[in-house]
Structures are given as structure tokens and as C-alpha cells.
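Letter by letter, the chains look like this.
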Amino acid sequence: QVQLVESGGGLVQAGDSLRLSCAASGLTFTRYHMGWFRQTPGKEREFVGVISKNVPRTYYADSVKGRFTISRDNAKNTVYLQMNTLKPEDTAVYYCAAQFLGLGDSSDPRDYPHWGQGTQVTVSS
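Residues numbered from 1 in each chain as written. Predicted model: local features only at pLDDT ≥ 70, side-chain atom pairs only at ≥ 80, totals over all residues. Heavy atoms only, no water.

A. Summary view of the overall build of the chain. A tally of helices and strands in the chain yields zero helices and 11 strands. Its C-alpha atoms give the chain principal-axis dimensions of roughly 40 × 30 × 25 Å. Among the 125 residues that make up the chain, the fraction classed as buried is 42%. Pairs at least 24 residues apart make up 59% of the contacts formed inside the chain by residues separated by at least 6 positions. Of the roughly 6,400 Å² of accessible surface on the chain, 48% is carried by carbon and sulfur atoms. Seen as two clouds, the 13 positive and the 11 negative side-chain charges of the chain have centres 5 Å apart. (Helix = DSSP H or I, 4+ residues; strand = E, 2+ residues; numbered from the N terminus. Buried < 20%, exposed > 50% of the residue type's maximum accessible area, 1.4 Å probe, protein only. Contact = heavy atoms within 4.5 Å. Areas by Shrake-Rupley, 256 points an atom, 1.4 Å probe, with all protein chains shown as cover. Lys, Arg positive; Asp, Glu negative; His and termini not counted. Charge placed at Lys NZ, Arg CZ, Asp CG, Glu CD.)

B. Broad picture of the sheet that holds strand 8 (residues 78-83). Strand order in this open sheet of four strands is 1-3-8-7, and the pairing throughout is antiparallel. Two strands in the sheet have a free side with no partner beyond their single neighbour: strand 1 (3-7) and strand 7 (68-73). Sheet twist, expressed as the mean angle between neighbouring strand axes with direction ignored, is 15°. In this structure, strand 7 lies alongside strand 8, joined through six bridges in antiparallel fashion. (Pairing = 2+ DSSP bridges. Axes fitted to C-alpha atoms, helices over the stretch in contact; angles between N-to-C directions.)

C. Main features of the nonpolar core. If you look at the biggest cluster of nonpolar residues, it comprises 33 residues, and the most contacted ones within it are Met-34, Trp-36, Leu-81, Met-83 and Tyr-94. Elements supplying a minimum of two residues to this core: strand 3 (18-25), strand 4 (33-39), strand 5 (46-51), strand 7, strand 8, strand 9 (92-99) and strand 11 (119-124). Top contributing element to this core by residue count: strand 9, with five residues. Apart from the residues lying within four places of it in its own chain, the contact partners of Met-83 are Asp-16, Ser-17, Leu-18, Leu-20, Arg-67, Phe-68, Tyr-94 and Val-121. (Core = buried A, V, L, I, M, F, W, Y, C linked by side-chain atoms within 4.5 Å.)

D. Representation of the packing of aromatic side chains within the structure. Under the counting rule described, the total for this entry stands at six aromatic pairs. With a centroid separation of 5.4 Å and 55° between ring planes, the pair formed by Tyr-32 and Phe-100 is classed as tilted. Here Tyr-32, found in the loop between strand 3 and strand 4, pairs with Phe-100, found in the loop between strand 9 and strand 10 (114-115); they are 68 residues apart in sequence, far enough to count as distant. In this structure Phe-100 comes out as partly exposed when scored by relative accessible area, which is 38%. Pairing Phe-37 with Phe-47 gives two aromatic rings, centres 5.7 Å apart and planes at 70°, and the pair type is edge-to-face. Here the residue Phe-37 occupies a position in strand 4, and Phe-47 occupies one in strand 5, the gap between them amounting to 10 residues. Of the two residues, Phe-37 and Phe-47, both sit in the buried class. Linked through ring pairs, Phe-37, Phe-47, Tyr-95, Tyr-112 and Trp-115 together constitute an aromatic cluster. Above the plane of the ring of Trp-115 lies Arg-45, whose end atom (NZ or CZ) is 4.7 Å from the centre. Its guanidinium or amino end placed over the ring of Phe-29, Arg-72 lies 4.4 Å from that ring's centre, counting from NZ or CZ. (Phe/Tyr/Trp six-rings, centres within 6.5 Å; stacked < 30°, edge-to-face > 60°. Lys NZ or Arg CZ within 6 Å of the ring centre and 35° of its normal.)

Honestly, that's just the spatial picture; any functional story needs more than this.
Here it is in C-alpha cells:
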């Protein structure tokens, strides 16, 4: 059974940094592209970024490009989301997701069959 567990969320001030982690189990981690999404109440789940499984490439939403960085540690079956210069509009529940197929550049949440439970990030102004 695939399990993704996010951690590292919390309450920070604008301009601060935060690093989220997503620990994966029940899958061969190196065979999966790993994505990060976020969601606020009443809105659709929004793509944040993705790291591919091979020769890791990363793709980001324009809203976070230059501020957020995704990395993965295959030895620990963990993907990270480093968030710098946080803004109040980054406030959301953040989810990691795993995708076996595809090219590792998908921003469509429907392409990801496996999801974590989410972790809350709140950025105060």
C-alpha cells in the first residue's frame, strides 16, 4: 500500500522560510515522479512543482518559481519542498503526490494517483 506522509508545515511570518518533507513507502520510490500541490478552502488543488524520477528535473508554477525548490533523496524515499521568501498568498494545505507514468512534468492533479494527507502552511503578514 502506497503511503505518502507530509511534515514540516506550520505558522511563519512573511519572508520566512520553511521546508516540507514527504516520506514515501509502499512503492519503488525511484520509479515515481513526485509532485507538490496546494489547496485553499473553496479552490481547486493548485500545482506547485514536480521533480522527475530520472536525472531529476524540476518544474515549477510561475507563482513559486525562484522561491521554492524541490529535491529528492532516493536513499531516504523522501521528497522535499524548500520554500523561501514566503508570502501570505502561499498559505494553503500542501500535498505531495506520486506519479508512475508520464514524463515528470505534469501539473494536472488527475495524473497523480497517490496522495498524502497534507500539511498546513500559514504565512502571516
